[in-house]
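Here's the letter readout for the chains.
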Amino acid sequence: MTQQGVRWTADQVLALAPDATSRKAGSKLGAAGPWSEAGSADEGTVWGLCKGSGSKPYQTVIDIADASGPAYKCSCPSRKFPCKHVLGLLLLWAEGDGAVPSGSPPDWAEQWIRGRRQRAAEKWTAGASGTASGAGDPEAARRRAERRATRVTAGATELEQRLADLLRGGLAGAEQSGYGLWEETAARMVDAQAPGLAARVRELGAIPASGPGWPVRLLEECALLHLLDRGWLGRERLPADLADTVRSRIGLPASADGPPVRDRWLVLAQYDTADVKLTTRRIWLYGADSGRTALLLSYGAAGRAPELALPVGLVLEAEVSAYPGAGQLRAALGEQFAPPAPTAIRPPGVTTAEATARYGEALREDPWLDSVPVTLDRVVPTPDGDSWQLADADAETALPLTAAARARPGLWRLVALSGGAPVKVFGECGHRGFTPLTAWPQGAGEAVRLC
């Protein structure tokens, strides 16, 4: 349980913010002025009333010890999760020095805390007893899976024909036909219940006329899409793990059926990607005892941030179960035995040469893999003409940063943290370069979020 003397840092609190606007607004509320009746309890709960524009203050309550990560509730109308009031109250709590004194929660906070924990216990009991929904009619589930597989096969067969037509007519024609043809093809893949194929088709549509060398990039991506099509059409002849990977890349649902691994999981990084319909949150974990790296995915619809949020740089003792597939790192967070807490644990690092070799090895198991998680040890951010790279402090090798990394403010945070000295950096290494997500200074020091 969270003890009153264990505090998060301000950076760890702000790592929960759904966007930069929320971080700025939450920081303004991280002072005692707007708050009244603020308090906290040793079991990991924080509450308070925040003065707003209306006559009644907003009721804000936080359960840091929630089994699925920090949980929040606020009576404000914000659709962001967590809202600025939650961030402000956590920042006030993180200051210590009696800013949020110990006490007993008021009735409105106690009711929410008790109800949430009771529902979590009931859900866990139902899952353990095998009474989860959908498990009652396996024959119906099998028939649904067969019908979907038939539709996906029809979609993959149609896509193969469209790729053949594209190559037969020449890649130059892709620039003239515009994006409409790609969007139509993607819609056909959605109808075939193959969202993974649809997403890759849309990515193809963005390549023509996207800059020098676009025909080469288009041909490469077409080849990978063709490989995925053929993998699905011949999945019965594939090794079981590779067949599971193909199903995952096609977009078929799967369950985390790996054995639960209990460990002290260090939260390496957390970041969101969004489109018009869905926000995807990626959380990277490192098992201090097992040495395993795991990826948690959560989703939010219609512009809402996903609910699962874990502060970067903290460690939580929990069980994690892997999803099927060769080389797949995705996992599901299971029972949590203690809330996230500060730690001195850091992941072991490798050189830039070892990082690229690790990516190459991963491609043998999953050819559609864009990147792998890697911790680089003793690297220095250095300019490289108009670009930037991470250079090994003890060797004459380096990794270029991706275009996305060069456009983020986190690059300058990394440069300032380094100051020309070696640092440890966790990020994603792929064919486009390295994207830094979190960094640690040499010696003692807390994790610095870069995304």
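Quick caveat: nothing in here was measured; it's all calculated off a predicted structure.

Rules and cut-offs
- Residues numbered from 1 in each chain as written.
- Predicted model: local features only at pLDDT ≥ 70, side-chain atom pairs only at ≥ 80, totals over all residues.
- Heavy atoms only, no water.
- Domains from an automatic or database assignment.
- Contact = heavy atoms within 4.5 Å.
- Buried area = accessible area lost by both parts, 1.4 Å probe.
- Pairing = 2+ DSSP bridges.
- Helix = DSSP H or I, 4+ residues; strand = E, 2+ residues; numbered from the N terminus.
- Axes fitted to C-alpha atoms, helices over the stretch in contact; angles between N-to-C directions.
- Core = buried A, V, L, I, M, F, W, Y, C linked by side-chain atoms within 4.5 Å.
- Buried < 20%, exposed > 50% of the residue type's maximum accessible area, 1.4 Å probe, protein only.
- Parallel < 35°, antiparallel > 145°, perpendicular 65-115°, else oblique.
- Left-handed = near helix turned anticlockwise from the far one by under 90°.
- Salt bridge = Lys/Arg side-chain N within 4 Å of Asp/Glu carboxyl O.

Chemist: Quick rundown of the domain arrangement of the protein? Include the residues and the values.
Modeler: We note that the domain assignment places domain 1 (3-126), domain 2 (142-250), domain 3 (261-342) and domain 4 (352-449) within the protein. When each unit is reduced to the centre of its C-alpha atoms, the spacing between domain 2 and domain 3 is 29 Å. At the junction of the two partners, domain 2 supplies 6 residues and domain 3 supplies 4 residues. When domain 2 packs against domain 3, close to 350 Å² is buried across both sides, 50% of that on carbon and sulfur atoms.

Chemist: If you had to explain the sheet that holds strand 4 (residues 71-74) to someone new, which residues and values would you point to?
Modeler: Taken together, 4 strands build an open sheet; the order of strands is 1-2-3-4 and the sheet is antiparallel. Edge strands, defined here as strands with exactly one partner in the open sheet, are strand 1 (35-41) and strand 4. On average, adjacent strands in this sheet sit at an angle of 10° to one another, irrespective of strand direction. Its contacts with the sheet place helix 3 (residues 84-95) against strand 1, strand 2 (45-50), strand 3 (58-63) and strand 4, and it is angled at close to 60° to strand 3.

Chemist: Which residues make up unusual backbone geometry, and what values do they have?
Modeler: The omega torsion of the bond from Phe-81 to Pro-82 falls at 0°, within 30 degrees of zero and hence cis. Relative to the helices and strands, Pro-82 is located in the loop between strand 4 and helix 3. Its identity as a non-glycine residue notwithstanding, Gln-193 has a phi of 60°, on the positive side. Turning to its location among the elements, Gln-193 is positioned in the loop between helix 7 (180-191) and helix 8 (195-205). With a phi close to 60°, Ala-209 is a non-glycine residue in the positive phi region.

Chemist: How would you summarise the nonpolar core if you had to cite specific residues and measurements?
Modeler: Residues Trp-8, Ile-62, Tyr-72 and Leu-90 are the most contacted members of the largest nonpolar core, which totals 30 residues. Per-element tally for this core: the top contributor is helix 3, with 8 residues. Both domain 1 (3-126) and domain 3 (261-342) contribute no fewer than three residues apiece to this core. Once residues lying within four places of it in the same chain are set aside, the contact partners of Trp-8 are Val-13, Leu-16, Ile-64, Pro-70, Leu-90, Trp-93, Ala-94, Pro-311, Leu-314 and Pro-340.

Chemist: With reference to specific residues and values, describe the packing of helix 2 (residues 20-28) against helix 3.
Modeler: In a packed pair of helices, the relevant descriptors are the angle between the two axes and the axis-to-axis distance. Following both chains from N to C, one finds helix 2 and helix 3 inclined at 50°, their axes separated by 7 Å at the closest point. With respect to each other, helix 2 and helix 3 are oriented oblique. The handedness of the crossing between helix 2 and helix 3 is right-handed. In this structure, helix 2 contributes Ser-22, Arg-23, Ala-25, Gly-26 and Ser-27 to the contact, and helix 3 contributes Lys-84, Leu-87, Gly-88 and Leu-91.

Chemist: Outline the side chain of Thr-45, listing residues and values.
Modeler: Residue placement: Thr-45 occurs in strand 2. The exposure class of Thr-45 is buried, given its relative accessible area of 1%. Setting aside residues up to four positions removed in sequence, Thr-45 forms contacts with Gly-39, Ser-40, Ile-62, Asp-63, Ile-113 and Arg-117.

Chemist: Could you give me a rundown of the pattern of salt bridges, with the residues and numbers involved?
Modeler: Inspection of every chain in the model, using the stated rule, returns 18 salt bridges. Put simply, Asp-377 and Lys-424 hold a salt bridge, and the shortest N to O gap is 3.4 Å. Taken together, the residues span a long stretch of sequence, with Asp-377 in strand 11 (residues 371-384) and Lys-424 in strand 14 (residues 423-430) at a distance of 47 residues. On the accessibility criterion, Asp-377 (28% relative accessible area) is partly exposed.

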